[in-house]
Amino acid sequence: MTCRGRFAPSPTGALHLGSLVAAVGSCLCARHAGGQWLLRMDDIDPPREVPGAAQAILDALPKFGLVADAPALLQSQRQAAYAAAFERLRAADQVFPCWCSRSQLAANGGMHRDGVCVARPDPARPPAWRLRVPEVTIAFDDLLQGTQRQSLRQEAGDFVIRRVEGGYAYQLACVVDDAFQGITEVVRGTDLLASTARQIWLQQCLGLPTPAYRHLPLVLDARGDKLSKSTHAQPLDDADPLPALRRALAFLRVPVPADIRDPPALLHAALQTFDPARLPRDSACPP
Ligand SMILES: [Zn+2]
């Protein structure tokens, strides 16, 4: 089976060093395995998105030498696929409508469990839909972070897969699209490590294959917080991509010659020396 990796940013702002590390890391892992590298735009949460950011990210990536093997898949165009997956879960009685508010769930540690609602059904307003999560422990061997184990009922509870306003939750969309794109290895930041058990459980509920997972360390700012669009991480200058690309490669501990000035050539050189076994495990400030 051909290895297939992907980079799946959300268009909540411009590309920053943290997202470039995930893009470069996922690309090198896929190409090192002789596989393909695909793109997906996780644009299913319009209130969090910045107009024009999706296109700006898609335009910027090739300037860093990152060219995918197929046109990007846009989650905003995939509602029918998510609806079909949701209907399969509903037909199997694996989901239930829920009118509980966050404050109502606060007494239970903010967790919804055993399909038991605090709020009464309210026909006057639309419900969220939650997955029934039984007592189950999900274990998987992350290729970088080692064996992971999560008691799903304890740590996630009955999680939302369709929101009150009708949008599908990230966990469902991600699982449906990873299967649709034939992804065999998911390489992403450790901020998503805790989501993986929920995604593996959803894959099992939907009869979808489970890819391998490799969670990369996060790029931290001077205060030790994750670099992110929401913390106003410095947007990358795609008119001068070389310095950021070198920093991303240095963060991932990929040695490259100092004299290469062309991003695609630099990535090509990185591929020659890249060894996934040398990837760092722990989140850190950038070099
Ligand atoms: Zn409820």
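Quick summary incoming for the structure in this document. (Residues numbered from 1 in each chain as written. Predicted model: local features only at pLDDT ≥ 70, side-chain atom pairs only at ≥ 80, totals over all residues. Heavy atoms only, no water.)

## Some words on the packing of helix α3 (residues 79-91) against helix α6 (residues 170-180)
Right, on to step 1. In contact at an axis separation of 10 Å, α3 and α6 are set at 105° when each is read in the N-to-C sense. Taken together, the axis directions place α3 and α6 in an arrangement best described as roughly perpendicular. Residue-level contacts link Ala81, Tyr82, Ala85, Phe86 and Leu89 of α3 to Leu172, Ala173, Val176 and Asp177 of α6.
Right, on to step 2. When the residues that make up the contact of α3 with α6 are grouped by side-chain class, the tally is eight nonpolar, no polar and one charged. (Axes fitted to C-alpha atoms, helices over the stretch in contact; angles between N-to-C directions. Helix = DSSP H or I, 4+ residues; strand = E, 2+ residues; numbered from the N terminus. Parallel < 35°, antiparallel > 145°, perpendicular 65-115°, else oblique. Contact = heavy atoms within 4.5 Å. Nonpolar A, V, L, I, M, F, W, Y, C, P; charged D, E, K, R; others polar.)

## A few points about the environment of His32
Right, on to step 1. Here His32 shows up in helix α1 (residues 17-32).
Right, on to step 2. Here the alpha-carbon distance between His32 and Leu271, two residues 239 residues apart in the chain, equals 6.5 Å.
Right, on to step 3. Residue contacts for His32: discarding those within four places in its chain leaves Leu271, Phe274 and Pro276.
Right, on to step 4. At 3.5 Å, the side chain of His32 forms a polar contact with the backbone oxygen of Phe274. (Polar contact = N/O pair within 3.5 Å; in protein donor to acceptor, adjacent residues only side chain to side chain.)

## Focus: the layout of surface pockets
Right, on to step 1. Its boundaries defined by the atoms lining it, the second largest pocket holds a volume of some 220 Å³.
Right, on to step 2. Leu17, Val219, Leu220, Leu227, Gln234, Leu236, Asp237, Asp240, Pro243, Ala244, Arg247 and Pro286 are the residues that line the second largest pocket. (1 Å grid on protein atoms, 1.4 Å probe; cavity = no way out; pocket = protein on both sides within 12 Å on 5 of 7 lines; lining within 4 Å. Points joined across faces, edges and corners; volume = space filled by probe spheres on them.)

## Observations concerning the coordination of the zinc ion
Right, on to step 1. In the first shell of the zinc ion, the protein supplies Cys98 (SG), Cys100 (SG), His112 (NE2) and Cys117 (SG), at 2.2 to 2.4 Å from the metal.
Right, on to step 2. Here the zinc ion binds four donor atoms, and the angle range of 102 to 119° at the metal identifies the geometry as tetrahedral.
Right, on to step 3. Written as a sequence motif, the donor residues of the zinc ion are C-x1-C-x11-H-x4-C. One end of the pair, Cys100, is in the loop between β4 (95-98) and α4 (102-105); the other, Cys117, is in the loop between α4 and β5 (128-131), with 17 residues separating them in the sequence.
Right, on to step 4. A relative accessible area of 12% means that Cys100 is categorised as buried. (Donors = N, O, S within 2.8 Å, 3.2 Å for Na, K, Ca; no water. Tetrahedral: all angles 85-135°; square planar, octahedral: opposite > 155°, others 65-115°. Buried < 20%, exposed > 50% of the residue type's maximum accessible area, 1.4 Å probe, protein only.)

## Some remarks on the sheet that holds strand β2 (residues 36-41)
Right, on to step 1. If you trace the three strands from one edge of the open sheet to the other, you get β1-β2-β3, paired in parallel fashion. Bordering the open sheet on either side are β1 (4-7) and β3 (73-74), each of which pairs with just one other strand.
Right, on to step 2. Taken together, the four bridges between β1 and β2 define a ladder with parallel strand orientation. Bridged to Arg6 within β2 is Leu38. (Pairing = 2+ DSSP bridges.)

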